[in-house]
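Listed below are the residues making up each chain.
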Amino acid sequence: MAETSSSFRGPCFCRHMNKADEFIMCIPDDAASKLWGVYKCPTNVDIHTNDGRQFNVGLSAAKGKIFFFHGWSNVVEHLRLTIGCLVLFNPVDCTTFKLTAFVDGVSHTTFWTYLLPPSTQFYVIPECILPKHYDYSSNDVVSTVLTDNNTFNVLIETIDGKVGFSVGIDVIVSQLELKDGCFMFFTKSFGNFFHLKIFGKNGLQMDLSDVEIDEAEVAPVDVENENYEEIHCGVSKFVRMAGEDHFRIPDPVSRMARLHEGLKDLTVRFLHLDPPMQITNGTRREKRERKGKTG
């Protein structure tokens, strides 16, 4: 029985364009083999663009590789694709692709970025993705990032006038065991919710549906450079992602409250709520494990 388009689950793949891709574009080997088998392909495929256009493009095989060839330049011309653009192919069936083009890194409510080195865990969110009515420079917020079956909390903050993801991205990288060269696609949903799709260095989308993540005992904002700000009269503003029944107080705040001399109740005001909520709650002392040592 032939597989219908509604049940078809072909591999999505992407390509960061170079000069040669404007005339002939190579299809990733893994994608080609999953679609058609090893060293096999149809003569032509249909490519649908987001603006409703359809193009018939011929395929060519050479040196074990399969390429979009005859007719591909018409797609490039229509979408005005150049070096540095990224194109995302979503197979509808074995001979039909939906093509999404990212110009300046953005397509509608989705933007992409490479996985950055561990020392540079700040991912700028393009201004056109952010809501116009919210001032991220005045308040840091905690976003929810969804990847298939998993949910992560990631801090959105403003650094040097740029708004981006920061603390919490490192948890995603660690838990999903991501490697250098990965492509990350963030799609803005309602509020501060984002959907994240990840493509490997080979351009093929990674299947994360079976990945089980570990529950973090310490919130991912607990980093070496604590994010807090002293305001006035001994009051400090700090950002934390809460666990189920606790959140950790930054060390400078603990010292200021003299918790090292004795535990006491603290008054906490939650500024992210509207209107803000204030509670008085108890504290407890726990040891933290860092880099194999307990301190």
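The residue numbers shown here count from 1 along each chain, following its written sequence. In view of the model being predicted, local features appear only for residues whose pLDDT reaches at least 70, and side-chain atom pairs are presented and counted only at 80 or more, with totals across whole chains, interfaces and linings using the full set of residues. With hydrogens and water set aside, each side-chain value is computed from the structure's full complement of heavy atoms.

(A) Quick peek at the pairing of strand 15 (residues 193–199). In this structure, strand 11 (residues 141–147) lies alongside strand 15, joined through three bridges in parallel fashion. In the sheet register, V145 faces strand 15, and the bridge partner there is F194. Between any two strands, pairing holds if DSSP finds at least two bridges. Counting from the N terminus, the helices are DSSP H or I runs at least four residues long and the strands are E runs at least two residues long. Bridge analysis of strand 14 (residues 183–188) against strand 15 gives six bridges, and the strand direction is antiparallel. Its bridge partner being in strand 15, M184 is matched across the sheet by I198.

(B) A look at the sheet that holds strand 4 (residues 54–62). Taken together, seven strands build an open sheet; the order of strands is 1-6-7-3-4-5-2 and the sheet is mixed. Looking at strand neighbours, the two that pair on one side only are strand 1 (13–16) and strand 2 (25–27), the edges of this open sheet. Between one strand and the next, the sheet's axes are offset by a mean angle of 35 degrees, whatever the strand orientation. Relative to strand 7 (residues 96–102), strand 3 (residues 44–49) is paired through four bridges, and the arrangement is parallel. For H48, the partnering residue across the bridge sits in strand 7 and is K98. Running over the sheet, helix 1 (residues 29–36) touches strand 1, strand 2, strand 3, strand 4, strand 5 (65–68), strand 6 (86–93) and strand 7 and is turned about 60 degrees from strand 2. Working rule for contacts: check all heavy atoms of both residues, and any pair within 4.5 Å makes them a contact. Angles here are taken between N-to-C directions and fall from 0 to 180 degrees, while the axes themselves are lines fitted to C-alpha atoms, restricted in helices to the stretch in contact. Sheet strands touched by helix 2 (residues 72–79): strand 2, strand 3, strand 4, strand 5, strand 6 and strand 7. Its angle to strand 4, the strand with the most contacts, is close to 135 degrees.

(C) Fine view of the packing of aromatic side chains. Any two of the Phe, Tyr and Trp rings considered here, Trp counted by its six-membered ring, make a pair once their centres fall within 6.5 Å; the pair's planes then place it as stacked at under 30 degrees, edge-to-face at over 60, or tilted in between. By the definition in use, this model includes 18 aromatic pairs. Between F68 and W72 the ring centres are 5.6 Å apart and the planes differ by 20 degrees, which places this aromatic pair in the stacked class. Here F68 and W72 have matching classes, each one buried. Both a distance and an angle decide whether a charge sits over a ring: NZ of Lys or CZ of Arg must be within 6 Å of the ring centre and within 35 degrees of the ring normal. Above the face of the F194 ring, K188 is positioned so that its terminal group lies 5.8 Å from the ring centre. In this scheme, a residue with accessible area under 20% of its type's maximum is buried, one over 50% is exposed, and one in between is partly exposed, where area comes from a 1.4 Å probe on protein chains only.

(D) Representation of the environment of D30 within the structure. By the element assignment, D30 lies in helix 1. The contacts of D30, once residues within four sequence positions are left out, are N202 and L204. Polar contacts, as used here, are pairs of N or O atoms within 3.5 Å; protein pairs need one atom able to donate a hydrogen and one able to accept it. Residues neighboring in sequence count only if both atoms are side-chain atoms. Engagement of the side chain of D30 in a polar contact is seen with the side chain of N202, the distance being 2.9 Å.

(E) Region of the structure containing the nonpolar core. The nonpolar core is taken to be a set of buried Ala, Val, Leu, Ile, Met, Phe, Trp, Tyr and Cys residues, with the residues joined through side-chain atoms within 4.5 Å. Membership of the largest hydrophobic core comes to 27 residues, with the highest contact counts inside it found for F165, I172 and F186. Those elements that place two or more of their residues in this core are strand 11, strand 12 (150–159), strand 13 (162–165), helix 3 (169–175), strand 14 and strand 15. Here F165 is in contact with F111, Q121, F122, Y123, I125, S143, V145, V154, L155, I156, F186 and F194, once residues within four sequence places are set aside.

(F) Local environment of unusual backbone geometry. Of note in the backbone geometry, K63 takes a positive phi value of approximately 55 degrees without being a glycine. Mapped onto the secondary structure, K63 falls in the loop between strand 4 and strand 5. We classify K63 as exposed; its relative accessible area is 86%.

(G) Geometry of the sheet that holds strand 15. Read from one edge to the other, the open sheet built from eight strands follows the order 8-9-14-15-11-12-13-10, with strand pairing classed as mixed. Looking at strand neighbours, the two that pair on one side only are strand 8 (106–107) and strand 10 (123–124), the edges of this open sheet.

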